[in-house]
Amino acid sequence: MKISLDNVEKWYNRGESNAVHALSQINLKIDGGESVCIEGPSGSGKSTLLSILGCLITPTSGVALIDGKPLSRLPDRFLTLHRRQTIGFIFQQFNIIPELSVLSNVTLPLLPLGLAPSERQKRAEELLEKLSIAHRKQFLAAKLSGGEMQRTAIARALINDPPIILADEPTAHLDTKLSLDFMEVMMELKMTGKTIIITSHDPLVSGHQLVDRCLRMRDGMLEKRI
Amino acid sequence: MVPLFLRRQQNILDYALSSLWRSRFKNLGIVIVFSFVIFMVASFRLVVSGLDRATQELMDSVPDIIVQQMAAGRQIPLDDAVMHDLDSIFGIASIYPRVWGYYFDESNGANYTVIGDARFDTTTEVAGLGIEYGTEIIRSDNISSVIIGQAVKTHLMLGERRTFSLFRPDLSLKSFRKSGEFNHDTALVSDDLLVMHIEAARDLFGMRPSEVTDLLVSVTNPAEIETIAKKISENIDGSRVITKRQVTKTYRAAFGWRSGFGLACLFGAIAAFVILAWDKASGLSPDQRREVGILKAVGWQTGDVMTLRFWESIAVSLSAFGLGYGLAWVHILFFDGILYRPVLMGWSVLRPPLTLVPVLRIEDLLLIFCLSILPYLAATVIPAWHSAMVRPDSVV
Amino acid sequence: MRPSTLFFIIISLGLAAHLAMQYAAGVQMHNLGASEKQMRLLVKRFGLSDVCIASEARYIRHLAVSDPVSPYMDHPGAIEHFPSGSFWVPKD
């Protein structure tokens, strides 16, 4: 599952007084199974880059290819399908629905696929076991700790068994122990051949053995490889 | 094996129902208000359908032709000699003269219907007519026999008494002796009746001996009613000839527009509710926006989100429809439409007992469906399209 | 139990309740049969034309055989631009 960005640019509100040039001349190639960390200060464009890779937004110009498919030309419907099948996104804020249980949150991506409840539950429980959170499966997400929420978010991201995992500042709300736990989980996923892209300014992440390559971003541009 | 499409729909329906349950108090409130609106509309329609059924059952037996006399656009009595003018018309089986008037009882504000029947004598058949007893029929100058409806008996406060008096136009009293009562089961047609001999009626109203108000004409061949009616109107100058077909429209007109008037008032309630629903569906709370963003971020398409909103709306509106329509049936079937009787029965003093049996009519069901579920769906699903377009990156 | 299954069960119960009411209506109609037969005979015997729902005025009590000008004849105080006399008592 190769990822390729060619002269990708992203503008917000282009032509208006509050225009923002979020990404500028991004050229990037990531091989399948590779783990990449993207570092940079706040506002450097990391999240925007990740959103493009995650098919949440399309670039203003340039070519973004995931597994040979040009993202920028896909209509929203196909972008969503592509996202569903290819990407597992772990958000910085987790974005768990607090009124739903852990199990319901994890199985959310499976509902439109028409899977039977028993099948959905089986898949979710397997993942929750692996992430050591199965004992909380019926708990409301609002009652979870930060680490438990993150593991729920990870389980949801993995439920469709996507080949690409994206994580946006995953350790921002975690203490050291939980951060290390998170990296362990990512390591296990890397062993299964998944491509992992993490944005972070946490040295614990960028310096971890999981990371094959670390890139730095500043002012919307990729700096040299570290 | 259930097709994938249905499995998808059921999954989304599961989520929709659990989403509704999460805000159960708000959604229950909507269902209750919506049910109430549907209940009001459906009750109206069911009362009308019940009345229609009741009247249609009875009005098959109305006279073939009723002849009245008009002058200066107003009804006046006619002379019974005009019956001879109709001798030449072929196809008439019988003609009966009748005095049909109204007695206004000032003491209680009640209007009674007085029927002076030419055949009201000792051979009056009471069996099968629902008359409780009908024995001696007296026709004298001093006291006349009369058969009365239950409401008349109540409003005259007769109790066990059998004699009473009514005022003639010159304010002298005319005495009556009750020789029979129409029973409760026939109240729908007999409640306000005083049936007496035609001479007694003429005496009561101060009419001349040969005057009548109507002629009841029956024909041999029902197919010729209209033809004979036309001939009668040609034979009697200034006559008003009412055929059976015209009579059987009965209360459709009065209760059609009475219920229509009520419906018009309810339209305001329906419209207000639909506007409220639109308003609710148009604005997304931050939590709702976030939820849509999360759904789209995890792979739900815009169409899936719209399907979700559709099923939410269907669940609410279908529940409200079932509850409202069901309660309307209970209201009519077990409580005789008690909430609407004052509206539909006007301000008259006489209130006959009325057992309404609601009738399931497809057109009523469709009308209520189109007035309730469709507008609600439109008011909620159309704005849902706008909210389903929330970009995931803007909220997550 | 799935929420949708519960929903379908509730809808089915509602339908069953409605069918039961249809049956009750049928029974009631059957019970009315005897009295309706009597009423039909009364209608035929005395030449009645309307049911006695409301008797406040002849154009309501006997709508079928009243002429359109009847409301104006009966009570000058009745405001009959629209047949409102059916709803409101005319002013004294």
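Calculation criteria
- Positions within a chain are numbered from 1, following the residues in the order the chain's sequence is written.
- Starting at A for chains and at 1 for ligands, labels are handed out in the order in which the entities are written.
- With the structure being a predicted model, the display of local features is reserved for residues of pLDDT at least 70 and the display and counting of side-chain atom pairs for 80 or more, all residues being used for whole-chain, interface and lining totals.
- Counting from the N terminus, the helices are the DSSP runs of H or I reaching at least four residues and the strands are the DSSP runs of E reaching at least two.
- The globule rule used for comparison is 2.2 Å times the number of residues to the exponent 0.38, while the radius of gyration itself is calculated over C-alpha atoms.
- Neighbour counting defines burial: a residue surrounded by 20 or more other C-beta atoms within 10 Å of its own C-beta is buried, one with 12 or fewer is exposed, and intermediate counts give partly exposed, using backbone-placed C-beta atoms.
- Contact between residues is assigned whenever the C-beta positions, reconstructed from backbone atoms, fall within 7 Å.
- Here, strands pair whenever DSSP counts at least two bridges between them.
- Angles run from 0 to 180 degrees between N-to-C directions of axes, and those axes are lines fitted to C-alpha atoms, restricted for helices to the stretch in contact.
- Note on angle classes: values under 35 degrees are labelled roughly parallel, values over 145 roughly antiparallel, values of 65 to 115 roughly perpendicular, and the remainder oblique.
- When residue character is reported, Ala, Val, Leu, Ile, Met, Phe, Trp, Tyr, Cys and Pro are called nonpolar, Asp, Glu, Lys and Arg charged, and the others, Gly included, polar.
- Boundaries between domains were set according to an automatic or database domain assignment.
- Connectivity within a nonpolar core runs through C-beta atoms within 7 Å, and the core itself is a set of buried Ala, Val, Leu, Ile, Met, Phe, Trp, Tyr and Cys residues.
- One fewer than the residue count of a helix, multiplied by 1.5 Å, yields its expected span.
- Every residue gets a pLDDT, meaning the predictor's confidence in that residue, from 0 to 100.
- The angle between axes fitted to the seven residues ending at a residue and the seven residues starting there is what we call the bend at that residue.
- Each helix crossing is assigned a hand: it is left-handed if the near helix lies turned anticlockwise from the far helix by less than a right angle, otherwise right-handed if that turn is clockwise.

What follows is about the overall build of chain A. Across its full length, chain A carries seven helices and ten strands. Here chain A has a C-alpha radius of gyration of 17 Å; the compact-globule value for 226 residues is 17 Å, and the two agree. Dimensions of chain A along its principal axes, counting C-alpha atoms only, are 50 × 40 × 35 Å. The burial tally for chain A puts 46% of its 226 residues in the buried class. Contacts in chain A between residues far apart in sequence, at least 24 positions, make up 70% of those at least 6 positions apart.

Scanning chain B from N- to C-terminus turns up 13 helices and twelve strands. Scaling as 2.2 N^0.38, a compact globule of 396 residues should have a C-alpha radius of gyration of about 21 Å, whereas chain B reaches 31 Å, well beyond that. If one aligns the C-alpha atoms of chain B with their principal axes, the spans along those axes are about 100 × 50 × 45 Å. In chain B, which comprises 396 residues, the proportion classed as buried is 43%. Expressed as a percentage of contacts within chain B between residues at least 6 apart in sequence, the contacts between residues at least 24 apart total 82%.

Next up on the list: the pairing of strand 4 (residues 61–66) of chain A. Residues and elements named next belong to chain A. In the sheet, strand 1 (residues 3–12) pairs with strand 4 via five bridges, with the strands oriented antiparallel. From the neighbouring strand, Ser-4 faces strand 4, where its bridge partner is Leu-65. Summarising the sheet, strand 4 and strand 5 (residues 69–70) pair through two bridges and their orientation is antiparallel. When the sheet's bridge partners are listed, Ile-66 is paired in strand 5 with Lys-69. Connecting strand 4 to the antiparallel partner strand 5 that follows it, the hairpin turn spans two residues, and Asp-67 within it adopts a positive phi of roughly 55 degrees.

For the pair helix 1 (residues 4–22) of chain B and helix 1 (residues 3–46) of chain C, interaxial distance at closest approach is 8 Å and the crossing angle is 85 degrees. Between helix 1 of chain B and helix 1 of chain C, the crossing angle belongs to the class labelled roughly perpendicular. Counting all contacts with helix 1 of chain B, which are made through Gln-10, Leu-13, Asp-14, Leu-17 and Ser-18 of chain B, the residues of helix 1 of chain C involved are Pro-3, Ser-4 and Phe-7 of chain C. Here the contact of helix 1 of chain B with helix 1 of chain C is composed, by residue class, of four nonpolar, three polar and one charged.

On to the sheet that holds strand 2 (residues 20–30) of chain A, then. All names here are of chain A. Strand order in this open sheet of four strands is 2-1-4-5, and the pairing throughout is antiparallel. Among the strands making up the open sheet, the edge pair consists of strand 2 and strand 5. In the sheet, strand 1 pairs with strand 2 via seven bridges, with the strands oriented antiparallel. Of the residues in strand 2, the one forming a bridge with Leu-5 is Leu-28.

Time to look at the interface of chain B and chain C. The figure often quoted for interface size is the accessible area lost as the parts come together. Across the boundary between the two partners, chain B contributes 59 residues, which contact 49 residues of chain C. Each residue belonging to the side of chain B that touches chain C can be placed in one class, and the counts come to 29 nonpolar, 19 polar and eleven charged.

To continue, consider the domain arrangement of chain B. Residue and element names in this part refer to chain B. Partitioning chain B into structural domains gives domain 1 (4–58 + 250–395) and domain 2 (63–244). When each unit is reduced to the centre of its C-alpha atoms, the spacing between domain 1 and domain 2 is 49 Å. The partner domain 2 presents twelve residues to the eight residues of domain 1 that form the contact. The residue inventory of the side of domain 1 that touches domain 2, partitioned by class, reads seven nonpolar, one polar and no charged.

Now for the nonpolar core. Counting residues in each nonpolar core, the largest one holds 181 residues, and the members touching the most others are Leu-166 of chain A together with Phe-34, Ile-38, Ile-65, Val-189, Leu-194 and Val-195 of chain B. Not counting residues within four places of it along the chain, the set of residues in contact with Leu-166 of chain A comprises Leu-50, Leu-53, Gly-54, Ile-87, Phe-89, Ile-90 and Ile-197 of chain A.

This paragraph deals with the environment of Ser-4 of chain C. With respect to the helices and strands, the residue Ser-4 of chain C is situated in helix 1. Look at Ser-4 of chain C and you get buried, because 21 C-beta atoms sit within 10 Å. In this view, Ser-4 of chain C contacts Gln-10, Leu-13, Asp-14 and Leu-17 of chain B; residues no more than four positions away in its chain are not counted.

Between the first and last C-alpha of helix 1 of chain B there are 27 Å, a value that for 19 residues agrees with the 27 Å anticipated at 1.5 Å per step. Taken together, the buried positions of helix 1 of chain B are Gln-10, Asn-11, Ile-12, Leu-13, Asp-14, Tyr-15, Ala-16, Ser-19 and Leu-20 of chain B. On the buried face of helix 1 of chain B, the contacting elements are helix 2 (24–58) and helix 10 (302–335) of chain B together with helix 1 of chain C.

On to the environment of Val-241 of chain B. Residue and element names in this part refer to chain B. Tracing the backbone shows Val-241 in strand 12 (residues 239–243). In sequence terms Val-241 and Leu-333 are 92 residues apart; their C-alpha atoms lie 38 Å from each other. Setting aside residues no more than four positions away along its own chain, Val-241 makes contact with Ile-65, Val-67, Ala-229, Ile-232 and Ser-233.

A word on the confidence of the model for chain B. Residue and element names in this part refer to chain B. Overall, the predicted model of chain B reaches an average pLDDT of 84, with 90% of residues at or above 70. Here helix 8 (residues 250–282) stands out as the least confident element of chain B, with mean pLDDT 71; strand 10 (residues 211–212) is the most confident, with 94. At the level of chain-chain contacts, confidence expressed as ipTM amounts to 0.88, with global pTM at 0.81.

This next bit is on helix 1 of chain C. Given 3.6 residues to a turn, an α-helix orients residues that are three or four positions apart in the same direction. Between its first and last C-alpha atoms helix 1 of chain C spans 61 Å; for 44 residues at 1.5 Å apiece the expected length is 64 Å, and the two agree. Of all the bends found along helix 1 of chain C, the most pronounced is centred on Gly-33 of chain C and spans about 40 degrees. For helix 1 of chain C, the elements touching its buried residues are helix 1, helix 2, strand 5 (110–117), helix 4 (187–190), strand 9 (193–197) and helix 10 of chain B. After helix 1 of chain C finishes, the residue Gly-47 of chain C shows a positive phi value of roughly 65 degrees.

Residues and elements named next belong to chain B. Running from N to C, helix 1 and helix 10 cross one another at 60 degrees; their axes reach a closest spacing of 9 Å. What the angle tells us is that helix 1 and helix 10 run oblique. The two elements helix 1 and helix 10 cross, and the hand of that crossing is right-handed. On the side of helix 1, the interface is formed by Ile-12, Leu-13, Tyr-15, Ala-16, Leu-17, Ser-19 and Leu-20, while helix 10 contributes Asp-304, Thr-307, Leu-308, Trp-311, Glu-312, Ala-315 and Val-316. Taken together, the residues of the contact of helix 1 with helix 10 break down into ten nonpolar, two polar and two charged.

Here we take up unusual backbone geometry. Residues and elements named next belong to chain A. Positive phi, normally seen in glycine, also occurs at Asp-67, with a value near 55 degrees. Secondary-structure assignment places Asp-67 in the loop between strand 4 and strand 5. Accessibility expressed as a C-beta count within 10 Å gives 14 for Asp-67, which makes it partly exposed. Positive phi outside glycine occurs at Ser-132, with the angle close to 60 degrees. Of the residues examined, Ser-132 has 13 C-beta atoms within 10 Å and is grouped as partly exposed.

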